[in-house]
Each structure stands twice: as structure tokens, then as C-alpha cells.
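The residues making up each chain are set out below.
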Amino acid sequence: MTKILKVKIYSLAFGGRGVGKIDGKVCFVKGALPDEEVTFRVTKDTSRYTEGEVLEVKVPSSDRQKPVCRYYSICGGCDLQHISYEKELFHKNEQVNQLIRRISGVKDFTADVIVPSKDCYHYRSSVTLHRKGGGYGYYEKGKHSIIPIDECPIAEKSINMELGKIRGEKGKNDITLKTDFQEKVWSSNVMGERFFIDKYDDTELFMSPKAFSQANRDTVVRVIKILKEWIGSNEEAASLFDLYCGTGLFSFSLKDSFCSVSGIDSNRIAINCAKNTVKRGNIRNVKFYKGDAEKLFFDVFQRNKTSRNILFVDPPRMGLAKSFLEKAARVNDIDRIYYLSCDPASFARDVKVLTNCRSWSLNKVLPFDMFPRTAHIEVLAEFTPPKTNS
Ligand SMILES: C[S@@+](CC[C@H](N)C(=O)[O-])C[C@H]1O[C@@H](n2cnc3c(N)ncnc32)[C@H](O)[C@@H]1O
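A. Fine view of the packing of helix α1 (residues 85-104) against helix α8 (residues 344-356). Contact pair α1 / α8: the axes reach a minimum separation of 8 Å and the direction vectors enclose 40°. Between α1 and α8, the angle is such that the two are oblique. The chirality of how α1 crosses α8 is right-handed. On α8, the residues touching Gln 95, Val 96, Leu 99, Ile 100, Ile 103 and Ser 104 of α1 are Pro 344, Ala 345, Ala 348, Arg 349, Val 351, Lys 352 and Thr 355. Split by residue class, the contact of α1 with α8 holds 8 nonpolar, 3 polar and 2 charged.

B. Fine view of the pairing of strand β15 (residues 286-290). Bridging between strand β14 (residues 260-265) and β15 involves 5 bridges; their strand directions are parallel. Within the sheet, the bridge partner assigned to Asp 265 lies in β15 and is Lys 290. What joins β14 to β15 is helix α5 (residues 268-281), and the crossover it makes is right-handed.

C. Looking closely at the sheet that holds β14. Taken in spatial order, the 7 strands line up as β15-β14-β13-β16-β17-β19-β18 in an open sheet, and their pairing is mixed. Strand pairing shows two members of the sheet lacking a second neighbour, β15 and β18 (361-368), which therefore form its edges. With strand direction ignored, the average angle separating the axes of adjacent strands in the sheet is 15°. Looking at chain direction, strand β17 (residues 334-341) and strand β19 (residues 378-384) are connected through 5 bridges and run antiparallel.

D. How the structure looks around unusual backbone geometry. Phi angles above zero are rare outside glycine, and Asp 35 is one such case at about 80°. Among the structural elements, Asp 35 can be located in the loop between β3 (25-30) and β4 (37-45). Of note in this structure, Glu 183 is not a glycine but carries a positive phi near 70°. With respect to the helices and strands, the residue Glu 183 is situated in the loop between β9 (175-179) and β10 (185-187).

E. Highlighting the packing of helix α7 (residues 322-329) against α8. The geometry of α7 relative to α8 is characterised by a closest axis approach of 9 Å and an angle of 35° between their N-to-C directions. The interaxial crossing formed by α7 with α8 has right-handed handedness. Counted together, Lys 322, Leu 325, Glu 326 and Ala 329 of α7 and Asp 350, Val 353 and Leu 354 of α8 form the full contact between these two elements. Among the residues making up the contact of α7 with α8, the classes are represented as 4 nonpolar, no polar and 3 charged.

F. How the structure looks around the site of the ligand. Lining the immediate surroundings of the ligand are 20 residues, of which Tyr 244, Gly 246, Ser 266, Asn 267 and Ala 293 lie closest. Mapped onto the shell around the ligand, the elements with two or more residues apiece are α4 (249-254) and β14. When its residues are assigned to classes, the shell around the ligand shows 11 nonpolar, 6 polar and 3 charged.

Criteria and cut-off values
- Starting from 1, residues in each chain are numbered consecutively following that chain's sequence as written.
- Since the coordinates come from a predicted model, pLDDT governs what is reported: local features require at least 70, and pairs of side-chain atoms require 80 or more to be given and counted, while whole-chain, interface and lining totals use all residues.
- The convention used is that axes are lines fitted to C-alpha atoms, helices contributing only their stretch in contact, and that angles between N-to-C directions extend from 0 to 180 degrees.
- Elements are defined by DSSP. Helices are runs of H or I of four residues or more, strands are runs of E of two residues or more, and each kind is numbered from the N terminus.
- Throughout this description, any angle smaller than 35 degrees is read as roughly parallel, any larger than 145 degrees as roughly antiparallel, any in the 65 to 115 degree range as roughly perpendicular, and the remainder as oblique.
- Crossings are sorted by hand: turned counterclockwise from the far helix by less than a right angle, the near helix makes the crossing left-handed, and turned clockwise it makes it right-handed.
- By the criterion used throughout, residues are in contact when their C-beta atoms, derived from the backbone, lie within 7 Å.
- In the scheme used here, Gly and all other residues not listed as nonpolar or charged are polar, with Ala, Val, Leu, Ile, Met, Phe, Trp, Tyr, Cys and Pro taken as nonpolar and Asp, Glu, Lys and Arg as charged.
- If DSSP finds at least two bridges between two strands, the strands pair.
- The handedness of a crossover follows from its direction of travel: if, with the strands pointing away from the viewer, the path from the first strand over the helix to the second runs clockwise, the crossover is right-handed.
- The criterion for a residue being near a molecule or strand is a backbone-placed C-beta atom within 6 Å of that molecule or strand.

And the structure:
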């Protein structure tokens, strides 16, 4: 039988659900915002917490907005179109602080103020359409079924022009659409690797719709700028190790500050893109290795280390393996670690391992709103080694 409860919401959890308490038990309510009183349908009830979905907003928040997208209530892409952008940023900042304090055990840590996205709609330069049954579309919220879509307000406008056409396309695999710096659309639904030239600020590189690319061009350019500032310009005698390098965006953007750069990624097409960029620009100080980053790193490090060594990691959402972090933390010759993460929860878990191991310190964390209107948050962090080593 459907159980319906009433609750007052006091915060917004990572993932976008409103948080309230009934008789001391925490409730996570999909679609509810802080300061609201809502009734909700219970979808899960355990001894520790209750989960549910809003039925009626009895007292709405002044931050509540009408979602822009007509698929918002069913599409699995966005979670925060019903809140003002200003408050979305505020809550994302809070979520990063809470995750770090709760999971990493680094007490009283406060991240810097989140960097907003230049645009909160029409910013996505890469979307993937999934196939099931009749045609292509996005995943339905919380399910593996597909909803056909004709438009997506967070995708760049030129991608939107293609979406309706893709719906009926034939094929077995997912289709990724990417734009280049001139907003030309490139589809993965072709034979072969399909390279094109892309540009971020003044860095030109080969890209493919079949390799990873950052979703928000303006924001990633800002990430690169901040990372350059954090690393500083005195690294000409230093080596950079770019783990999970993809097509080499960070390797190429930072190469002028280092005597040697080594990038590692497991995706064959991404590494082919990176090697083509090296060839095209006759770049002498950047090398790429195809393989598992955590397995190859220690060997690549021994071959390319110099008097000063910087490790930069940008792993997928699941973060890094504990065994890798414990081994890397004990390498005496690593002078700084920079970590770019698209999941502050797995990041916070990794902070715990690194700060427990040979007492690396979490020096600073800067969140970026790489994915406005969705629950996702990007964070950039700097770790410094124990004093005796620095
Ligand atoms: C978040 S992306 C970062 C890419 C790159 N830093 C960029 O900015 O374009 C993560 C990358 O990790 C790669 N990857 C996933 N698992 C890997 C593994 N076990 N070893 C090496 N690379 C891996 C993917 O191919 C992808 O390029």
C-alpha cells in the first residue's frame, strides 16, 4: 500500500534530493527543496532512513523555478532545473564541504567558493544517446528504459539541431554527438576512428567522437587556467605525469611549463588522437602511453622522473584504487598531486586514503560547476607531501 508522509526540508543532499527528518529519522525526498513543506510518496523505508518522491509542495521555497525542459520530470539527465541557479551553486558548495568532512575525515575543511558556469543552459558540447527497442534517446530517471528526445536545453544549440534526426537512426551502439570549437557536430555513428581538430583557448588537439571530451568548454578552460596558477611557472626542470589523460588536453595545455610530460590512458582512440597531436605539432617533450593508468604509472614514472615531479589525475567517476593511492603516496619523488574529480564522493574517499598515508595534506579544493542543472560537481584539489620531503 502506498505510504504518504509530510516533512519539512532543511537541506539538499548531493544528488539533488531534499533532506528532512521525521521523528529523528532522515528522509531523502526527490523533487523537494530546502525550506519547503511537502507531502511525499515513500519508495523505500529502512530502519535508518526513508526515501520518497514529492507528491505535493505545500509550502514552496522562494528559490523554486519552473523547469525549462519539457522532459524534466522523466529524463535522467537533469536534477536541479527547479531551483534558481544562484541556490544551485550555494548547495553544490555545501555538498562538497560536507562530503569532504564526512567521508575523508579531514575535519573543518572548507573548499573555495565554487566557480559558476558561464552558461547554465546550452553548454554541453558532448551528449550520448542510448538505444533500446525502437530508437535512440536518454535514459529515463532511475531506470534503464529510453525516452526519445527532440531537444535538450543543456546541450549546445548545434547538437539540438541533430537530436531529432538521431531518434530514428539505425545502429546497435550508443551514439555520441560532440561539437568542435566552431560548433560543428561530429557523430560517433560512423566506421573508423573519425578524428577532427578541436581547440581549447590556444591549445589545438585531435579529438574523436569516440573518445572522452570535457562537457563544458568554458569551464574546463577555467580549470586549466587555475591549475596553471596552482602549479606555478617555475617547473621548467620538472616532469608532469597526466594520468587518465584522454586525448591529452591537460598534457598539451601545460606542456610549456615542464621539461617532460607523460600521459596515460586506456582508450586506444584517445591515445591515437594524442599521438597525432604530437606528430602534427612536432612536440618533443610530451609522450603518451596506452594502458591501465594505475598499472603503468610506476614504470613510466621511473623512466621519466626528474628533480621535481608533479602527478595530475583525472579519473572516471569511480575515482582511484586504494592500493594505487597507497603505493603512490609512498613514492618519495612526487612533489605535488593535483586531482580533478567529477565525483566529490569518490574524491572524498580517496582524500582519506591519501591523507592517512605518509600524511599527505589536502591543501586546497576548488569546485567548478561543470554540469549546471544536473547534480554533478567537478572539483580540483592540491595535495602537498609531508614537510620533510618538500
Ligand atoms: C574524466 S576522463 C579524463 C580525460 C582527460 N583528462 C581530459 O580532460 O580529456 C577519464 C579518462 O580515463 C580513461 N580511463 C578509464 N579507465 C582507465 C584506466 N583504467 N586506465 C587509464 N585510463 C582510463 C578514459 O578513457 C577517459 O579518457
